[in-house]
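Structure assessment
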Amino acid sequence: MKSVRPKKNLGQHFLTDLNIAKAIADTVDACDKIPVLEVGPGMGVLTQYLVQKQRDVKVVEIDSESVAYLNEKYPALRENVIGEDFLRMDLNKVFEGQQFVLTGNYPYDISSQIFFKMLDNKDLIPCCTGMIQREVAQRMASQPGNKAYGILSVLIQAWYDVEYLFTVDENVFNPPPKVKSAVIRMTRNKVTDLGCNEPLFKRVVKTVFNQRRKMLRVSLRQMFAGKAPREGFYQQDIMTKRPEQLSIPQFVELTNMVDAEYAALEK
């Protein structure tokens with residue numbers, strides 16, 4: 001069986017260490033016994049261990065060469081190999097509206113987009129595991145006060161508990177990436193409502209972290225498009241902080257403060 005050539009334009013780095021592959025596949029064991037969707041299986045190095053578990057498994061792969069390889073190597077999986085772009089899929093249709101675990105050796109160049117799509121479908125995905133660039137994993141798991149704490153940290157941790165499980169060296173891939181990798185697991189927390197306008201929460205988080213070195217009283221001004229909030233808005237204690245100092249509850253509080261000013265400006 002002809003192996004698949006890794007394609008640079010798809011960000012493919014095929015894992016070659018089977019012990020690490022099994023360890024990554026085993027990260028789903030801590031999640032509920034629900035189906036598994038693997039993103040970017042390539043030549044099935046994780047798939048071979050996932051299909052041994054007592055779960056329904058589907059894989060989604062954009063590379064037609066990999067799809068053909070998987071269909072040949074895993075004939076029992078043939079009906080469950082989806083030749084599509086994960087970022088364009090309707091995830092409600094994958095398991096007919098049933099919840100599932102998301103996993104994979106994620107392409108580094110679109111990993112953040114994958115996790116934003118996970119957030120958009122958080123009620124469908126109670127657990128997400130897999131391997132990504134170590135720097136991204138550190139950002140996702142970082143706590144307030146750290147340099148790595150940023151947009152991904154806040155938006156993901158608002159809804160998921162994030163575990164940084166282990167680091168993976170470059171030499172276990174073909175071709176080796178130029179960075180180290182890390183394996184993470186995210187499990188939905190008990191939050192069902194942030195207590196604020198969620199789209200505005202995202203805007204506030206992205207706006208202030210885009211000027212992360214500035215105090216909030218400076219970075220928030222662009223949210224008012226030339227209009228002035230009520231007197232005293234920028235003089236509140238929280239306005240002297242920088243975004244990496246704020247906890248998620250403080251970001252919720254800040255969002256509600258901005259929302260109140262919007263409401264006042266409309267009167």
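In what follows, the structure referred to is the one given above.
My aim in this report is to walk through the structure given alongside it, one point at a time. All residue numbers refer to positions counted from 1 along the written sequence of the respective chain. A pLDDT threshold of at least 70 governs which residues receive local features in this predicted model, and a stricter bar of 80 or more applies before side-chain atom pairs are shown or counted, although totals over entire chains, interfaces and linings include all residues. As a rule here, side-chain values come from all non-hydrogen atoms in the structure, and water together with hydrogens is ignored.

The next thing to look at is the side chain of E261. Assignment of secondary structure puts E261 in helix α9 (residues 248-266). The contact rule is simple, with two residues in contact once any of their heavy atoms fall within 4.5 Å. Residues contacting E261, with those up to four places away along its chain left out, are F224, P229, R230 and F233. Helix and strand assignments come from DSSP, with helices taken as H or I runs of at least 4 residues and strands as E runs of at least 2, each series counted from the N terminus.

Another aspect to go through is the nonpolar core. To qualify as a nonpolar core, a set must consist of buried Ala, Val, Leu, Ile, Met, Phe, Trp, Tyr and Cys residues joined through side-chain atoms within 4.5 Å. For each residue, the accessible area found with a 1.4 Å probe, counting protein chains only, is set against the maximum for its type, and the residue is called buried under 20%, exposed over 50%, and partly exposed in between. Among the nonpolar cores identified, the biggest contains 59 residues, and L102, F115, M140, M186, F201 and L220 are the most heavily contacted of them. Here this core gets 7 residues from one element, more than from any other, and that element is α9. With near-sequence residues (within four places) excluded, F115 lies in contact with Y106, C128, I132, M140, I156, I184 and M186. Within the second largest apolar cluster, 28 residues are counted, among which are V57, V101, V172 and V183.

Positive phi values are uncommon outside glycine, yet E96 reaches one of about 55 degrees. Mapped onto the elements, E96 comes out in the loop between β4 (81-82) and β5 (101-104). Residue E96 is classed as exposed on the basis of its relative accessible area of 79%.

Attention now goes to the packing of aromatic side chains. Each Phe, Tyr or Trp ring (for Trp, its six-membered ring) is paired with any other whose centre lies within 6.5 Å, and the angle between the two planes then decides the class: stacked below 30 degrees, edge-to-face above 60, tilted in between. Enumeration according to the criterion identifies 7 aromatic pairs in this entry. Ring geometry for Y106 versus F115: centroids 5.4 Å apart, planes at 80 degrees, classification edge-to-face. The residues Y106 and F115 share a single accessibility class, namely buried. Ring geometry for F233 against Y234: centres 5.1 Å apart, planes inclined by 70 degrees, an arrangement best described as edge-to-face. Accessibility classification places F233 together with Y234 in one group, the buried group. Grouping aromatic residues by their ring pairs yields a cluster made of F224, F233, Y234 and Y262. Geometrically, a lysine NZ or arginine CZ counts as sitting over a ring once it is within 6 Å of the ring centre and also within 35 degrees of the ring normal. The cationic tip of K117 hangs over the ring face of F86; the distance from NZ or CZ to the ring centre is 5.9 Å.

With respect to the helices and strands, the residue L91 is situated in the loop between β4 and β5. Separated by 30 residues in the primary sequence, L91 and E61 have C-alpha atoms spaced 14 Å apart. When residues no more than four places from it in sequence are discounted, the contact partners of L91 are F86, F100, K117, N121, L124 and I125.

Strand pairing follows a simple DSSP-based rule, namely that at least 2 bridges must link the two strands. Taking strand neighbours across the sheet as the criterion, the 7 strands line up as β4-β3-β2-β5-β6-β9-β7 in an open arrangement whose pairing is mixed. Strands with a single pairing partner mark the edges of an open sheet, and in this sheet they are β4 and β7 (160-168). Where β5 and strand β6 (residues 127-133) come together, 2 bridges link them in parallel fashion. When the sheet's bridge partners are listed, V101 is paired in β6 with C127. Against the sheet, helix α4 (residues 111-120) touches β2 (36-39), β5, β6, β7 and β9 (181-188), its axis set at about 165 degrees to β6. Here an angle of 0 to 180 degrees is reported between the N-to-C directions of two axes, which are lines fitted to C-alpha atoms, with helices fitted over the stretch in contact.

Quick look at the pairing of β9 now. By the criterion of burial, β9 is predominantly enclosed, with 7 of the 8 residues buried. Relative to β9, β6 runs antiparallel, the two being bridged by 7 bridges. Opposite M131, over in β9, you have V183 as the bridge partner. Bridging between β7 and β9 involves 8 bridges; their strand directions are antiparallel. When the bridges of β9 are listed, F166 appears paired with V183.

The rule for a disulfide is simple: a pair of cysteine sulfur atoms within 2.5 Å. Counting across every chain of the model gives 1 disulfide. At a sulfur-sulfur separation of 1.8 Å, the disulfide partner of C31 is C127. Remark: C127 occurs in strand β6 and C31 occurs in the loop between α1 (18-25) and β2; sequence separation between them is 96 residues. For the pair shown, C31 and C127 are each scored as buried. Counting only cysteine sulfurs, C127 is the nearest neighbor of C128, a cysteine outside any disulfide, at a range of 7.3 Å. Its relative accessible area of 0% is what places C128 among the buried residues.

Spatial relationships are all this shows, so hold off on functional conclusions.
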